[in-house]
Amino acid sequence: MSDLVRRPTEHAALRAACRSARPLPPVPALMAALLDANARGDREGVIICAHRAVRAAAPEVGES
């Protein structure tokens, strides 16, 4: 059985990615994606698009 070998920079890269801001697409684009996912019957896509649309429209939701 082989053990997972982590690179020294891997942990630092993951921490930096967690700290970086990720701008959300505009709400109209997210709503279009939501409608498209719904039309295709993609339940997971509907959930993801709906959550991202809410976060883009009201950034204070879910923040402490």
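Residues numbered from 1 in each chain as written. Predicted model: local features only at pLDDT ≥ 70, side-chain atom pairs only at ≥ 80, totals over all residues. Heavy atoms only, no water.

Each pair of packed helices can be described by the angle between their axes along with the distance between the axes. At a minimum axis distance of 8 Å, the contact between helix 2 (residues 27-40) and helix 3 (residues 43-57) shows a crossing angle of 165°. As far as their axial angle goes, helix 3 and helix 2 are roughly antiparallel. In the crossing of helix 2 with helix 3, the sense of the turn from one axis to the other is left-handed. Here Val-27, Leu-30, Met-31, Ala-33, Leu-34, Ala-37 and Asn-38 of helix 2 come into contact with helix 3, specifically with Gly-45, Val-46, Cys-49, Ala-50, Arg-52, Ala-53, Ala-56 and Ala-57. (Axes fitted to C-alpha atoms, helices over the stretch in contact; angles between N-to-C directions. Helix = DSSP H or I, 4+ residues; strand = E, 2+ residues; numbered from the N terminus. Parallel < 35°, antiparallel > 145°, perpendicular 65-115°, else oblique. Left-handed = near helix turned anticlockwise from the far one by under 90°. Contact = heavy atoms within 4.5 Å.)

For the structure on display, the rule yields one salt bridge. Across the pair Asp-36 and Arg-40 runs a salt bridge whose closest N-O atoms are separated by 3.0 Å. Taken as a pair, Asp-36 and Arg-40 lie in helix 2 at a separation of four residues, close to a single helical turn. For Asp-36, a relative accessible area of 38% puts it in the partly exposed group. Arg-40 gets classed as exposed once you look at its relative accessible area, which sits at 65%. (Salt bridge = Lys/Arg side-chain N within 4 Å of Asp/Glu carboxyl O. Buried < 20%, exposed > 50% of the residue type's maximum accessible area, 1.4 Å probe, protein only.)

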